[in-house]
Amino acid sequence: MSAHPYLRLLALEWKLFAAAPVNLALLGLLAMLAAFAAYNGVKRSEIQRSLIAEARVADAQAWADKRRDLLEIEAGRKEPAEYRDPRNASASVLSTRANRPLAFDLPPLAAVSAGTARDDPQILSVGIGSRHKSGEASLDDPGHRLDGPFDLAFVVAWLLPLVTLVLSYDVLARDREQGIAPLLASQSVTLRAIVAGRLAVRFLALFGIMAGVGLLTAFASGWIPRTGGDLTVWLAAVALSIGAWLGLSAAVNAWARSSALSALVLLTFWIGSALLIPTTAGVVVRALSPPPDRLNYLLELRALETDLIKRTDEIRDAYYAERPANRPTKAFTDEFTPYFITELYPRQLAFDRRFGPVPRRIEAQRVEQAQYLRNAAFLSPSLSMKLISDDLAGHAPERRAALNAAADRFQERWRIHFDRKIAAAVPLTLSDYDNKPEFEPIDSSVAGRASRHGVIFAGLLLWFCGTSLWAATALRRARLF
Amino acid sequence: MPTEPGGGRLVLVVARGELQQQLRDGLLRLAGLLMLVLLVASALAGWSQYSRDLVEGKRFTAEVRAQWLDQGEKHPHRAAHFGSYVVKPEMTLALFEPGLKPFAGRTLWLEAHSRSAFSYAPADDDVSAAAGLGLSSGAAMLQLLGGLLVLVTAALTVVREREAGTLRQILAQGIEPRAWLAGKYLGVAAALALAFAPLALGLTMVLVVLAPEPARVDVAARVGLSTLGNAFYFLALLGVGLTLSTIARSSRTALVLALGFWVTSGVLAPRVASHLATSLEPVPTVEAFQTAIGEDFEKGYDGEPGWDTRLDQLEARTLERYQVRGLDDLPVGFSGLRMRAMDGWTNQVADRRYAELEQVYESQARWRSAVAILAPFIAARNFSQGMAGMDWPHYRHFANRAELYRRSWVERLNQVLEQSLRGETWEMDAGRETWASVPEFRYVTPSVGWALAQQAGAFLILLGWAVGGAALLFVSGARLKP
């Protein structure tokens, strides 16, 4: 068949499709919901970006203030405030008030998915002390997380397939019901070409809406060099997903005797893909890679803390034996400072040395779970779309692991930089402030991202090819009355 | 010539006929069986999780207490910062309705100065927890998939008769349409009840028998109310589904309409409700909330002086009370007095901010209830969670009791400072005897009456929907056309 008659067929099918007000209403509804989800996402990511920016500005300001105070005190223009002397490392650096806010910048498609996490951006508070002692608390009603966010991930994973099925469940079954299918078969174009034309029209309409919303979202979030690549990946996944559902619809239409039966069968597929398979996959993944036991984590943490407190003298002696130059040379004038410097500080270091592997193990468990889940996504286009959207929006556990690893590296440099000044109670100088380490936000690598996306893409491609092949075979054998 | 049965008898005849037809329907049998298998599998998985959590929770509580007692000699205030953990207990209903459990932590950390929020939500660590559409529990499966089964079954009931031409014959015989529809309603309801009753009975027995002796009556009442709530929900969907079936001209249209209602009510509405609630009444971040409390603490509010002024006043009052010239001369430990004053003021400041936060929660709940008026799925889920003791009010009740315990516990340690120290000294050590003087935390889950009061709105919405669904069908019956 030459291109020209096929284009004419497409134009004709488009006219028929557009003539049904229900189809246009459904497309309008999808566009509206997708736009609403995109708006929510853009707004949410704007807030998150500004929270990260505010935290960074406040941090920079606090350190600039300390530096200024130091200069003024040294010049004799200012008296140091109690507990806030910028020369005193114990007050200026050891305190949790001096912790640095560490965060990755949001990825370009952050607006696409709110992920499974809370709305707050992930900002780690890192300083001299251990950062493993408190959990990420939230005041939010957890019911909101149970409901789930109204984001584009939700639209493409669950609503888009439903709309696709509603628009295509009777793509052939209706002709059969109305008795015009044999007439179609008697035309010069094949039945497969007619059905393909109908599906192509629906594909273009649905993909057009999602591509438009995706582009608007990307522009509204601020176009950066990575945006083009990420958006292409996301839209390609959306296209494969729509194609897979349309292929499935055509295959079911080929044998279903009525449009009601076709609708029921397709609905069952949707329930399987959107609800049952992800839930079952979750159960299997939990069995293969159980989530960390936080109760044991807490017990372990407290047992270690108690043990270290009981061995305070031993730990202090070991610390100063290892670093004899850090031993304080002057007597302390109050009863609080020796506790912070000679007890708490060495204990924090000892704590992290022994407890550090535990949170890293938890990170590894999360990553392993995510890998299993990506493999399970082969079974469900909905799960694939959810996972790839979450990943592009920056919610992959690998990214969280990368942030924690970067934070660990920063903390190590931070501790080394201030170690002697804290432990030996040596006054801080301008050089300590000016040369203090800065966070290096090294995100997960492009290769790592590509490998994660590749697994999900392979699943979607398999679905698309499988359903297309099934549809082509089924349509060839389709009974028309 | 046989006469047509009239009134109530007609309803019963039609109901019996519909029941037989539904039971013969292979599709319903298959769907019902599948639902049953899924629900039983889900309940078993829930049981396994619940049993594990119960054992772990008890072991954790015992070990935390042992760690508290064996923490060694240290300053009481450092012991207060070492803190303690409390675990929210769960009723047996949680095995079928875990409610907010995946997204709320089970534990609260109690330490000096500040009230803590729930942390370590299982979903934070479990990547697979949010893979689906919240279908992780038996109750969610029952309400979402069971609701779809009810809607689809009902939506096909009348329209199939219309497509087969039997509706025309029935109406031509002069049968009262509303009585005929009432029969259909009862028949489908009986078929669905037969499908769900074995599970409901079995589950009720398991939940009540597994519950500890003193809580059995309460658990039985909660299970009964939960079943009633779900029954209202299904009756509402039955009424809606049958109404759609009377309106639709074809099975195709009826299915699309039913599916549209299900998606809107069960999939879209909860997210919209949640989005509305959090957008219109946002809860502050923990950091912002703590900063606000910190500022109130430092600077005071509404004419209440801030901490520095309070400390000066405390010093002056104490010197006057003990008739000494300086704090060093005091016969009691001033650091204990200072800590008590500090914690008292912190509590006052925090109570004010938490009262505001409670207002936000209430406003959010009102927004969600408003959407639930249009979407019965939300009301059914909220009610079910409430009866299982796994909704936000129950979590807050636990957190409030834990906070009262925290205050009494910190107060006890501050008393030790006051009684053991003299003057303005700070350093001292206490030991096991002091730690043992802090009582263990005991928590009693609120009664079914309290739970019902929290979810009265959801219950009324479900009742309204059940009655409204039937009324809608009654009204549409007057216009029933072949």
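Whatever comes next refers back to the structure up there.
Please read all numbers here as calculations on a predicted model, not as lab measurements.

Conventions and cut-offs
Residues numbered from 1 in each chain as written. Chains lettered and ligands numbered in written order. Predicted model: local features only at pLDDT ≥ 70, side-chain atom pairs only at ≥ 80, totals over all residues. Heavy atoms only, no water. Helix = DSSP H or I, 4+ residues; strand = E, 2+ residues; numbered from the N terminus. Rg over C-alpha atoms; globule rule 2.2 N^0.38 Å. Buried < 20%, exposed > 50% of the residue type's maximum accessible area, 1.4 Å probe, protein only. Areas by Shrake-Rupley, 256 points an atom, 1.4 Å probe, with all protein chains shown as cover. Lys, Arg positive; Asp, Glu negative; His and termini not counted. Charge placed at Lys NZ, Arg CZ, Asp CG, Glu CD. Core = buried A, V, L, I, M, F, W, Y, C linked by side-chain atoms within 4.5 Å. Expected span 1.5 Å × (residues − 1). Bend = angle between axes of the 7 residues up to and from the residue. Patch = residues over 30% accessible without salt bridge, like charges linked within 9 Å, V, L, I, M, F, W, Y side chains within 5 Å. Salt bridge = Lys/Arg side-chain N within 4 Å of Asp/Glu carboxyl O. Pairing = 2+ DSSP bridges. Contact = heavy atoms within 4.5 Å. Buried area = accessible area lost by both parts, 1.4 Å probe. Polar contact = N/O pair within 3.5 Å; in protein donor to acceptor, adjacent residues only side chain to side chain. Phe/Tyr/Trp six-rings, centres within 6.5 Å; stacked < 30°, edge-to-face > 60°. Lys NZ or Arg CZ within 6 Å of the ring centre and 35° of its normal.

1. Section: the overall build of chain B
Reasoning step 1: Secondary structure summary: chain B contains 17 helices and 4 strands in total.
Reasoning step 2: Since a compact globule built from 482 residues should have a radius of gyration of about 23 Å, the 30 Å found for chain B marks it as more spread out than a globular shape.
Reasoning step 3: With respect to the principal axes defined by its C-alpha atoms, chain B has extents near 115 × 45 × 40 Å.
Reasoning step 4: Within chain B, the proportion of its 482 residues that are buried is 56%.
Reasoning step 5: Here chain B displays about 20,400 Å² of accessible surface, and carbon together with sulfur accounts for 61% of that area.
Reasoning step 6: Put simply, chain B has 46 plus and 46 minus side-chain charges, and the middle of one group is 12 Å from the middle of the other.

2. Thoughts on the nonpolar core
Reasoning step 1: Core analysis: the biggest nonpolar cluster contains 230 residues, and Leu152(A), Met210(A), Trp234(A), Trp270(A) and Trp262(B) have the highest contact counts within it.
Reasoning step 2: At 15 residues, the largest contribution of residues to this core is made by helix H5 (residues 138–164) of chain B.
Reasoning step 3: One finds Trp63(A), Ala402(A), Phe418(A) and Tyr433(A) within the second-largest nonpolar core, a separate group that totals 28 residues.

3. Re helix H7 (residues 177–210) of chain B
Reasoning step 1: The terminal C-alpha atoms of H7(B), which comprises 34 residues, lie 48 Å apart, in line with the 50 Å expected from a rise of 1.5 Å per residue.
Reasoning step 2: For H7(B), the principal kink sits at Phe196(B) and spans about 40°; a proline, Pro198(B), occurs within the next four residues.

4. Some points on unusual backbone geometry
Reasoning step 1: Positive phi values are uncommon outside glycine, yet Ala425(A) reaches one of about 55°.
Reasoning step 2: Along the chain, Ala425(A) turns up in the loop between helix H16 (397–423) and helix H17 (430–434).
Reasoning step 3: Given a relative accessible area of 38%, Ala425(A) falls into the partly exposed group.
Reasoning step 4: Residues other than glycine seldom take positive phi values, yet His113(B) does so here, at roughly 75°.
Reasoning step 5: Structurally, His113(B) is set in the loop between strand E2 (107–110) and helix H4 (122–125).

5. Some remarks on the side chain of Thr306(A)
Reasoning step 1: The residue Thr306(A) is located in helix H11 (residues 294–310) in this model.
Reasoning step 2: Overall, the relative accessible area of 7% leaves Thr306(A) in the buried class.

6. Concerning a positive patch on the surface
Reasoning step 1: A surface patch of positive charge is lined by Arg168(B), Arg249(B), Arg479(B) and Lys481(B).
Reasoning step 2: Within the secondary structure layout, Arg249(B) lies in the loop between helix H8 (216–247) and helix H9 (251–280).

7. Points about the pairing of strand E1 (residues 84–87) of chain B
Residues and elements named next belong to chain B.
Reasoning step 1: Residues Ser84 and Val86 of E1 are buried on one face, and the alternating residues Tyr85 and Val87, pointing to the opposite face, are buried as well.
Reasoning step 2: In this sheet, E2 lies alongside E1 in antiparallel orientation, the contact comprising 4 bridges. Residue tyrosine 85 lies in a different strand from E2, and its bridge partner there is tryptophan 109.

8. Thoughts on the interface of chain A and chain B
Reasoning step 1: At the junction of the two partners, chain A supplies 75 residues and chain B supplies 81 residues.
Reasoning step 2: Buried area between chain A and chain B, both sides added, is near 6,900 Å², and the carbon and sulfur share of it is 65%.
Reasoning step 3: Contact with chain B buries area across many residues of chain A, yet Leu139(A), Leu146(A) and Arg302(A) alone supply 13% of it, more than any other trio.
Reasoning step 4: The tally of links between chain A and chain B comes to 7 salt bridges.
Reasoning step 5: The partner of Asp124(B) in a salt bridge is Arg145(A), with the nearest N and O atoms 2.9 Å apart.
Reasoning step 6: At the surface where chain A touches chain B, the tally comes to 22 residue pairs in polar contact (both at pLDDT 80 or more).

9. Notes on the packing of aromatic side chains
A ring pair, where both rings are aromatic, is described by two values, the distance of the centres and the angle of the planes.
Reasoning step 1: Using the criterion set out here, one finds 38 aromatic pairs over all chains in the structure.
Reasoning step 2: When the ring of Trp414(A) is compared with that of Phe418(A), the centres are 4.9 Å apart and the planes differ by 70°; the resulting orientation is edge-to-face. Placement of both Trp414(A) and Phe418(A) in helix H16 is noted, with a separation of 4 residues, approximately one turn of the helix.
Reasoning step 3: Against the face of Phe82(B) rests Arg302(A), its NZ or CZ located 4.1 Å from the ring centre.
Reasoning step 4: A cation over an aromatic ring shows up here: Arg352(B) above the ring of Tyr301(B), its NZ or CZ 3.9 Å from the ring centre.

10. Here's the deal with the environment of Pro292(A)
Reasoning step 1: For Pro292(A), the position within the fold is in the loop between helix H10 (259–288) and H11.
Reasoning step 2: The spacing of Pro292(A) and Asp317(A) is 25 residues in sequence and 35 Å in space, taken between C-alpha atoms.
Reasoning step 3: Ignoring any residue separated from it by four or fewer positions in sequence, one finds Pro292(A) in contact with Ile362(A), Gln365(A) and Asp125(B).

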